[in-house]
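One letter stands for each residue in the lines below.
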Amino acid sequence: MNWDWDVVSDFMPVFWDGLAVTLQALVLGSLIAFGLGLVWAMAQRAPFAWVRWPVTALTEFIRNTPLLVQLFFLYYVVPEWGPSMSALTTGIIGLGLHYSTYTAEVYRAGIGGVPVGQWEAATALSLPRSRTWLAVILPQAIRRVVPALGNYVIAMLKDSPMIAVIGAMEMLGEAENFSNTTFTTEAYTIVGIAFLVIAYPASLLIRVLERRLALTS
């Protein structure tokens, strides 16, 4: 293949637009996944079965159905019952909702790893349940699971091209459109490099955090 810098120059304005969409989906989707995943994890430990069972059923359903199907459902079916959303908003919510079920399991493992003595100490001090969670349990649990949460951010980055199927044109979607109209392949190479540039430093950061947390634990 002959590398054509003129093609690259023509693709770059479109690439930056796609990169902006990818980063928005990644950052906002991650925030939804982290926040909602914590809600799922805490709800699954609720003392009431009428809270635990529906949440468990919902998270299992989401985790065991394809992300692509969920994106189609959110974008094409949900608007028939309520307000419609833009493709990007739908993609962000879809990614966040899907990965929240995985982060919920990570949080659950972290909470389960907190020593029983911490719960007993909080009970002995007559701490309210809310303060026990916020001041004692969650700080220890979240600290344990930071590396695992980081891995799901990278996984979400690699799944972000799926939002192009509903019209949210991220990097790969823009590259595909460009390549189909110019009959060139340089755009795919640039996007592949971009994914590597984003993901590799993130994976290194996760390893550093993992080592530091292991040394301080």
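Presented here is an overview of the structure given in this document. Worth saying up front: this structure is predicted, and the values here are computed from it rather than measured.

We now examine a nonpolar patch on the surface. On the surface, Leu-68, Phe-72, Tyr-76, Met-162 and Val-165 cluster together to form a nonpolar patch covering roughly 400 Å² of accessible area. Counting through the fold element by element, Met-162 comes out in the loop between α6 (129–159) and α7 (171–182).

Under the definition given, this model contains 11 aromatic pairs. Considering the side-chain rings of Trp-3 and Trp-5, the 5.7 Å spacing of their centres and the 75° angle between planes classify their relative orientation as edge-to-face. Take Trp-3: its relative accessible area is 34%, and that puts it in the partly exposed class. Taken together, a centroid distance of 5.8 Å and an interplanar angle of 45° make the contact between Tyr-99 and Tyr-102 tilted. Residue Tyr-99 and its partner Tyr-102 are located together in helix α4 (residues 87–112), separated by three residues, close to a single helical turn. A relative accessible area of 5% places Tyr-99 in the buried class.

Attention now moves to the nonpolar core. Counting 31 residues, the largest nonpolar core has Phe-11, Phe-15, Leu-95, Met-156, Ile-163, Met-171 and Val-191 as its most contacted members. Those elements that place two or more of their residues in this core are α1 (5–43), α3 (67–77), α4, α6, α7 and α8 (186–216). With nine residues, the top contributor of residues to this core is α1.

The topology assignment puts His-98 in helix α4. Residue classification places His-98 among the buried positions, given a relative accessible area of 6%. Every residue in contact with His-98, bar those within four places of it in the chain, is listed here: Ile-62, Thr-65, Leu-67 and Gln-70.

Attention shifts here to the pattern of salt bridges. Per the counting criterion, the structure on display carries three salt bridges. A salt bridge links Glu-105 to Arg-63, with the shortest nitrogen-to-oxygen separation between them at 3.9 Å. You can see Glu-105 sitting in helix α4 and its partner Arg-63 sitting in helix α2 (residues 49–63), a full 42 residues away along the chain. Of the residues examined, Arg-63 reaches a relative accessible area of 15% and is grouped as buried.

It is worth spelling out unusual backbone geometry at this point. For residues other than glycine, phi is negative in most cases, and the peptide bonds are mostly trans. Even without a glycine there, the phi angle at Phe-183 is positive, about 55°. Inspection of the secondary structure assignment puts Phe-183 in the loop between α7 and α8. Its relative accessible area of 74% is what places Phe-183 among the exposed residues.

Rules of the game
Each chain has its residues counted from 1, following the order in which its sequence is written. Only residues with pLDDT of at least 70 get local features here, since the model is predicted, and only at 80 or more are side-chain atom pairs given and counted; chain-wide, interface and lining totals rely on the full set of residues. Calculation of side-chain values draws on the structure's entire complement of heavy atoms; hydrogens and water are dropped beforehand. Patch membership requires more than 30% relative accessible area and the absence of a salt bridge. Residues of like charge join within 9 Å; the nonpolar side chains Val, Leu, Ile, Met, Phe, Trp and Tyr join within 5 Å. Only the protein chains shown count as cover for residues, and all accessible areas are computed by the Shrake-Rupley method using a 1.4 Å probe. For this analysis, a salt bridge means a side-chain nitrogen from Lys or Arg found within 4 Å of a carboxyl oxygen belonging to Asp or Glu. Elements are defined by DSSP. Helices are runs of H or I of four residues or more, strands are runs of E of two residues or more, and each kind is numbered from the N terminus. Classification of ring pairs uses Phe, Tyr and Trp, with its six-membered ring standing for Trp, and accepts pairs whose centres are within 6.5 Å; under 30 degrees between planes counts as stacked, over 60 as edge-to-face, and the remaining range as tilted. Throughout this description, buried means an accessible area under 20% of the type-specific maximum (1.4 Å probe, protein chains only), exposed means over 50%, and partly exposed covers the range between. In this text, buried Ala, Val, Leu, Ile, Met, Phe, Trp, Tyr and Cys residues form a nonpolar core when linked through side-chain atoms within 4.5 Å. Contact criterion: two residues are considered in contact whenever any of their non-hydrogen atoms come within 4.5 Å of each other.

Everything listed here is a matter of coordinates, which is why it stays silent on function.
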